[in-house]
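# Descriptive structure summary
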Amino acid sequence: MFNFDSPATEDEVEAAALQFVRKISGFNKPSKTNQAAFDAAGAEVAQTAHALLFELTTNALAENCELEAEKRNQRSLERFG
């Protein structure tokens, strides 16, 4: 998500944070009792991810998302046919 022509969007960061919280908690959808803790954790992870992306620096040229996707697809085709 860092160093791409089109930087990570707010929605992408929040989706990644939600995925992390789901993975670490073991819940795809928490119970009503745990919903507040689940939501708070997701918000904190997203905030930390934003801070990380803001602080990162590089001298490398930005990557092209579409080109990288094509490369991944080609490798997959070569590997799995």
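Our focus in this paragraph is the overall build of the protein chain. Scanning the protein chain from N- to C-terminus turns up 3 helices and 0 strands. Taken over 81 residues, the protein chain has a buried fraction of 10%. For the protein chain, the accessible area works out to roughly 6700 Å², and carbon and sulfur atoms hold 55% of it.

Here the protein chain shows a mean pLDDT of 86. Residues at 70 or above account for 86%. Within the protein chain, helix α1 (residues 10–25) carries the highest mean pLDDT (94), whereas helix α3 (residues 65–80) carries the lowest (84).

We now examine α1. Given a rise of 1.5 Å per residue, 16 residues ought to cover 22 Å, and the 22 Å separating the end C-alpha atoms of α1 matches this to within 8%. Those residues of α1 lying buried are Val-13, Ala-17 and Val-21. When α1 is viewed along its axis, its buried side chains cluster within an angular range of 70° and face the same direction. Away from its buried face by more than 90 degrees, α1 exposes Asp-11, Gln-19 and Lys-23.

What follows deals with helix α2 (residues 35–55). With 21 residues, α2 should reach 30 Å at 1.5 Å per residue; the first-to-last C-alpha distance of 30 Å fits that figure. Looking at α2, one finds that the buried residues are Phe-38, Gly-42 and Ala-46. Along the axis of α2, the buried positions cluster into a sector of 70°, meaning they face one direction only. Exposed residues pointing more than 90 degrees away from the buried face of α2 are listed as Ala-36, Ala-37, Glu-44, Gln-47, Thr-48, Phe-54 and Glu-55. Structurally, α2 contributes buried residues whose contacts are with α1.

A cluster of acidic side chains, namely Glu-10, Asp-11, Glu-12 and Glu-14, defines a negative patch on the protein surface. Here Glu-12 lies in helix α1. Look at Glu-12 and you get partly exposed, because its relative accessible area is 40%.

Between α1 and α2, whose axes approach to 8 Å, the crossing angle comes to 130°. Classed by the angle they form, the pair α1 and α2 counts as oblique. Considering how the two elements wind past one another, α1 and α2 form a crossing that is right-handed. Mapping the contact onto sequence places Glu-10, Val-13, Glu-14, Ala-17, Leu-18, Phe-20, Val-21, Arg-22 and Ser-25 in α1 and Phe-38, Ala-41, Gly-42, Val-45, Ala-46, Ala-49, His-50 and Leu-53 in α2.

Here is what the cut-offs are and how they apply
- Residues numbered from 1 in each chain as written.
- Predicted model: local features only at pLDDT ≥ 70, side-chain atom pairs only at ≥ 80, totals over all residues.
- Heavy atoms only, no water.
- Helix = DSSP H or I, 4+ residues; strand = E, 2+ residues; numbered from the N terminus.
- Buried < 20%, exposed > 50% of the residue type's maximum accessible area, 1.4 Å probe, protein only.
- Areas by Shrake-Rupley, 256 points an atom, 1.4 Å probe, with all protein chains shown as cover.
- pLDDT = per-residue confidence, 0-100.
- Expected span 1.5 Å × (residues − 1).
- Arc of directions from axis to C-beta.
- Contact = heavy atoms within 4.5 Å.
- Patch = residues over 30% accessible without salt bridge, like charges linked within 9 Å, V, L, I, M, F, W, Y side chains within 5 Å.
- Salt bridge = Lys/Arg side-chain N within 4 Å of Asp/Glu carboxyl O.
- Lys, Arg positive; Asp, Glu negative; His and termini not counted.
- Charge placed at Lys NZ, Arg CZ, Asp CG, Glu CD.
- Axes fitted to C-alpha atoms, helices over the stretch in contact; angles between N-to-C directions.
- Parallel < 35°, antiparallel > 145°, perpendicular 65-115°, else oblique.
- Left-handed = near helix turned anticlockwise from the far one by under 90°.

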